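# Results of the structural survey
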Amino acid sequence: MLDIAEELDRWVERGRDFAVATVVATGGSAPRRPGAALAVDAEGTAIGSVSGGCVEGAVYELCRQALQDGECVLERFGYSDDDAFAVGLTCGGIIDILITPVRAGDRVRPVVAAGLRAAAAGRTAALARIVTGPADLVGRALLIHDGDHGHHGDPHGGEPHAGDRYEGGFGSHPELDRTVAAEARAFLDAGRTGTLEIGEQGSRCGAPLTVLVESSVPPPRMIVFGAIDFAAALVRVGKFLGHHVTVCDARPVFATRARFPEADEIVVAWPHEYLERTRVDARTVLCVLTHDAKFDVPLLQRALRLPVAYVGAMGSRRTHLERNARLREVGVSELELARLRSPIGLDLGARTPEETALSIAAEIVADRRGGSGAPLTGAHTPIHHDTAPARAGRIGSVA
């Protein structure tokens, strides 16, 4: 539900009761991924989406019912010949959806409200909710965030991550709190939303639990080195894909706001010096468009040793070979060189800056999602990477 946090946070501030349907797991060609949400308030207003239209009507009614009876429900939708154009998924997939009422007085409301507040403010947060398990646990929630409210550290004495704040929990299950907190932190560090299976005693012991962990993290960074016309197009595509985009160039005449109005940041500095001092993480993508050895070599020497998601460099095949030779001369290993995507982008036959930007973006997405970059026509590989759906059914009250 954190994908619609801003709107839901406003509902909470206005005291509205609502029910939220969240995608827990998918299989096959389901249109939305775990964490996607549809919310319905007491007046029947709806925001968000769980299926792109296939099952929205049925989920809307389930939300209205949950608001009346206060019960949390896990429902599975899949393709069948009988209901394909009614409440089935015409794409042939399977989708498990958790419907949770969030009403005044419900024990889950303060935790959900804190998670929505953190996500709406752009702070890092992970909301863990028990989807299936013993009746006294289903629907309960634990929030980990870096905001200025809540407990510091593990309220039961553990310390999964220094500086974490916690809200909520699972009642008289301190070991479960610790385990879920640590698992949720791992999801958060990876910027991942999904489910995990654990025992009710916080390990593999006890009745099995399915826990949905939703992560809200700042946008991944894209750093574009080289303030050229191709960079301007790549900035636009990077923003479209949801990146926080920085343009870096040592030449102040080119690195200007007028040339890159859509960039989040414009930095005038030698590329390798900027890369040494700026923050990167496992989701950061680095696009080197300078194709000038005096910039490229010291920059790539540093970039290929960082734990980032993607490093690509522009240039012809001749430039690529010469650049690799220079990199070997300064001590870059073959293993490090194997990380370099060069010439940058997929083979689309691109000519214009916009087409080239699309080629680069396509390679970044394929690299992140594990795609081959090959045409889907005639292929027999999966279109989506699946996760195992959770068990479906009515799973008790959250009031």
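One can find the structure itself at the top, above this paragraph.
Residues numbered from 1 in each chain as written. Predicted model: local features only at pLDDT ≥ 70, side-chain atom pairs only at ≥ 80, totals over all residues. Heavy atoms only, no water.

Counting buried residues along strand E2 (residues 37-41), five of its five residues qualify, which places the element largely inside the surrounding structure. Neither face of E2 is exposed, since Ala 37, Ala 39 and Asp 41 on one face and Leu 38 and Val 40 on the opposite face are all buried. Taken together, the five bridges between strand E1 (residues 18-27) and E2 define a ladder with antiparallel strand orientation. Residue pairing in the sheet places Ala 21 in a bridge with Leu 38 of E2. Sheet topology note: the E2/strand E3 (residues 46-48) ladder contains three bridges and is antiparallel. Looking at E3, one finds that Ala 39 is bridged to Ile 47. (Buried < 20%, exposed > 50% of the residue type's maximum accessible area, 1.4 Å probe, protein only. Helix = DSSP H or I, 4+ residues; strand = E, 2+ residues; numbered from the N terminus. Pairing = 2+ DSSP bridges.)

Strand pairing in a sheet takes place through backbone hydrogen bonds and is either antiparallel or parallel in direction. Judged by pairing direction, the sheet is parallel, and its six strands sit side by side in the order E14-E13-E12-E15-E16-E17 without closing on themselves. At either margin of the open sheet sits one strand with a lone partner, and together these are strand E14 (265-268) and strand E17 (340-341). One ladder, built from four bridges, connects strand E13 (residues 244-249) with E14; its direction is parallel. Residue pairing for E14: Thr 246 is matched across the bridge by Glu 265.

The geometry of helix H7 (residues 293-303) relative to helix H8 (residues 317-329) is characterised by a closest axis approach of 10 Å and an angle of 55° between their N-to-C directions. Accordingly, the angle class assigned to the pair H7 and H8 is oblique. Where H7 crosses over H8, the handedness of that crossing is right-handed. For the pair H7 and H8, the contacting residues are Ala 293, Asp 296, Val 297, Leu 300 and Gln 301 in the first and Arg 323, Arg 326 and Leu 327 in the second. Taken together, the residues of the contact of H7 with H8 sort by class into four nonpolar, one polar and three charged. (Axes fitted to C-alpha atoms, helices over the stretch in contact; angles between N-to-C directions. Parallel < 35°, antiparallel > 145°, perpendicular 65-115°, else oblique. Left-handed = near helix turned anticlockwise from the far one by under 90°. Contact = heavy atoms within 4.5 Å. Nonpolar A, V, L, I, M, F, W, Y, C, P; charged D, E, K, R; others polar.)

Under the defined criterion, the tally for this structure stands at two aromatic pairs. For the ring pair Trp 270 and Phe 295, a centre distance of 4.9 Å and an interplane angle of 45° mean the geometry is tilted. Of this pair, Trp 270 sits in the loop between E14 and helix H6 (271-277) while Phe 295 sits in helix H7, and the two are 25 residues apart along the sequence. (Phe/Tyr/Trp six-rings, centres within 6.5 Å; stacked < 30°, edge-to-face > 60°.)

Quick look at H8 now. Residues separated by three or four positions in an α-helix point in the same direction, a consequence of the helix having 3.6 residues per turn. Under the 1.5 Å per step criterion, the end-to-end length of H8 is 19 Å for 13 residues, consistent within 8% with the ideal 18 Å. Every buried residue of H8 is accounted for by His 320, Arg 323, Asn 324 and Leu 327. Around the axis of H8, the buried residues are gathered within 105° of arc, so they sit on the same side. Opposite the buried face of H8, at more than 90 degrees from it, the exposed residues are Arg 318, Leu 321 and Glu 329. (Expected span 1.5 Å × (residues − 1). Arc of directions from axis to C-beta.)

A few words now on the pattern of salt bridges. Under the defined criterion, the tally for this structure stands at 18 salt bridges. Arg 236 is the partner of Glu 354 in a salt bridge, and the nearest nitrogen-oxygen pair spans 3.0 Å. With a gap of 118 residues between them, Glu 354 in helix H10 (residues 353-369) and Arg 236 in helix H5 (residues 229-240) connect regions that are remote in the sequence. When salt bridges with common partners are traced through the structure, they connect Arg 341, Glu 363 and Asp 367 into a single cluster. (Salt bridge = Lys/Arg side-chain N within 4 Å of Asp/Glu carboxyl O.)

Bringing helix H4 (residues 174-189) into the picture now. Along its 16 residues, H4 runs 23 Å from first to last C-alpha, staying within 8% of the 22 Å computed at 1.5 Å per residue. Within the span of H4, buried status applies to Leu 176, Asp 177, Thr 179, Val 180, Ala 181, Ala 184, Arg 185, Phe 187 and Leu 188. In this structure, the buried residues of H4 make contact with strand E6 (125-132), strand E7 (141-145), strand E9 (165-168), strand E10 (194-199) and strand E11 (208-216). Immediately beyond the C-terminal end of H4, within one or two residues, lies Gly 191, with a positive phi of roughly 65°.

For the pair H5 and H10, interaxial distance at closest approach is 8 Å and the crossing angle is 55°. It follows from the interaxial angle that H5 and H10 lie oblique. Two packed elements cross with a definite hand, and for H5 against H10 that hand is right-handed. Residues Asp 229, Phe 230, Ala 233, Leu 234, Arg 236 and Val 237 of H5 pack against Pro 353, Glu 354, Thr 356, Ala 357, Ile 360 and Ala 361 of H10. Grouping the constituent residues of the contact of H5 with H10 by class yields eight nonpolar, one polar and three charged.

Turning to the nonpolar core, a few remarks are in order. With 25 residues, the main nonpolar core has Met 1, Leu 8, Phe 18, Val 20 and Leu 116 as its most contacted residues. Counting only elements with at least two residues in this core, the list comes to helix H1 (5-13), E1, E2, helix H3 (109-120), E6 and E7. No other element matches H3, which puts seven residues into this core. Apart from the residues within four sequence positions on either side, Phe 18 is in contact with Leu 8, Trp 11, Val 12, Val 40, Asp 41, Leu 67, Thr 100, Pro 101, Val 102, Arg 103, Arg 109 and Leu 116. Val 245, Tyr 310, Ile 344 and Ile 360 belong to the second largest nonpolar core, which has 23 residues in total. (Core = buried A, V, L, I, M, F, W, Y, C linked by side-chain atoms within 4.5 Å.)

Functional significance is not addressed by these values, which are geometric in nature.
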